[in-house]
Amino acid sequence: MTSAPLRVAVLLDENTSGDATLYESPKTLFRMVADAGAMPYGIPYLPGREEQILEDHDGLISPGGRFEFPKAWYVEGRASPAPPSERCEFDLKLMRHFLSADKPVLGICSGMQMMAGLAGCKLLGELSD
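Everything in this summary refers to the structure shown in the same document. (Residues numbered from 1 in each chain as written. Predicted model: local features only at pLDDT ≥ 70, side-chain atom pairs only at ≥ 80, totals over all residues. Heavy atoms only, no water.)

**As for the overall build of the protein**
Convention followed: Helix and strand definitions follow DSSP, with helices as H or I runs of at least four residues and strands as E runs of at least two, each counted in order from the N terminus. Exposed residues in this analysis have more than 50% of their type's maximum accessible area, buried residues have under 20%, and partly exposed residues fall in between, with area computed by a 1.4 Å probe over protein chains only. Note that accessible areas follow from Shrake-Rupley with a 1.4 Å probe, and for residues the cover is restricted to the protein chains shown. Positive charges are assigned to Lys and Arg, negative charges to Asp and Glu, while His and the chain termini are left out of the count. In this description, the location of a charge corresponds to atom NZ of lysine, CZ of arginine, CG of aspartate or CD of glutamate.
Secondary structure summary: the protein contains 4 helices and 6 strands in total. Secondary structure elements of the protein, listed N to C terminal, follow the sequence β-β-β-α-β-α-β-α-β-α. Looking at the protein as a whole, 38% of its 129 residues are labelled buried. Carbon and sulfur atoms make up 57% of the accessible area of the protein, which amounts to about 7,700 Å² in all. Each charge sign in the protein was given a centre, from 12 positive and 18 negative side chains, and these centres are 1 Å apart.

Below you can see the structure in the form of structure tokens.
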């Protein structure tokens, strides 16, 4: 008898470089999760569904994106030029739920920055800074 593959929630990004009306995610991210033996599920921003997503999935991937984090996370005078996004608040709540439940979280690019911000690190708005 084979066990069901692990279910991994892959947070979708929004096209903030465009008009921010579409979700998007690289296909390679889903292929890599599947190649590792797990089943990836694209997760849209549905406020209020964080608990259900946590219950239904074994892990979380918070991929890259272009959006502003909470202002208190930035080094003074070094705020991000990225646009605000509804993703930030949803991603924060979802990540906190997974971390509190001791479920694995992989942060890629902005996902790693979010994990750093949650751990108390200060961010720079521009990499060149």
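There is more to say after this.
**What to know about the pairing of strand β1 (residues 7-11)**
Counted only if it meets this: Here, any two strands with at least 2 DSSP bridges between them count as paired.
In terms of burial, β1 is a largely internal element, 4 of the 5 residues being buried. Bridging between β1 and strand β4 (residues 39-43) involves 5 bridges; their strand directions are parallel. Counterpart to V10 in the pairing with β4 is G42. In the sheet, β1 pairs with strand β5 (residues 59-62) via 3 bridges, with the strands oriented parallel. Following the sheet pairing, A9 is matched in β5 by L60.

**Let's talk about the sheet that holds strand β6 (residues 105-107)**
Hydrogen bonds along the backbone pair up the strands of a sheet, which may run parallel or antiparallel. The condition is simple: Helix axes are fitted to C-alpha atoms over the stretch in contact, other axes to C-alpha atoms as well, and angles between N-to-C directions run from 0 to 180 degrees. Whether two residues are in contact is decided by their heavy atoms: any pair within 4.5 Å suffices.
Pairing in this open sheet of 4 strands is parallel, and the strands run β4-β1-β5-β6 from one edge to the other. Looking at strand neighbours, the two that pair on one side only are β4 and β6, the edges of this open sheet. Direction aside, the axes of adjacent strands within the sheet are offset by 20° on average. As paired elements, β5 and β6 share 3 bridges and run parallel to each other. By the bridge assignment, S62 is partnered in β6 with G107. On top of the sheet, helix α1 (residues 27-35) reaches β1, β4 and β5; it is set at about 150° to β4, its chief contact. Docked against the sheet, helix α3 (residues 86-100) engages β1, β4, β5 and β6, running at close to 150° with respect to β5.

**A closer look at the nonpolar core**
Put simply, the rule reads: Only buried Ala, Val, Leu, Ile, Met, Phe, Trp, Tyr and Cys residues count toward a nonpolar core, and they belong to the same one when joined by side-chain atoms within 4.5 Å.
Ranked by size, the top nonpolar core spans 20 residues in total, and within it I53, L60, F69, F90, L94, F98 and M114 carry the most contacts. Secondary-structure elements contributing two or more residues to this core are β1, α2 (50-56) and α3. The leading source of residues in this core is α3, at 6 residues. With near-sequence residues (within four places) excluded, F98 lies in contact with I53, L54, H57, D58, G59, L60, K103, P104 and V105. V10, L29, A38 and I61 belong to the second-largest nonpolar core, a separate cluster that totals 6 residues.

These figures come from the coordinates and say nothing about function on their own.
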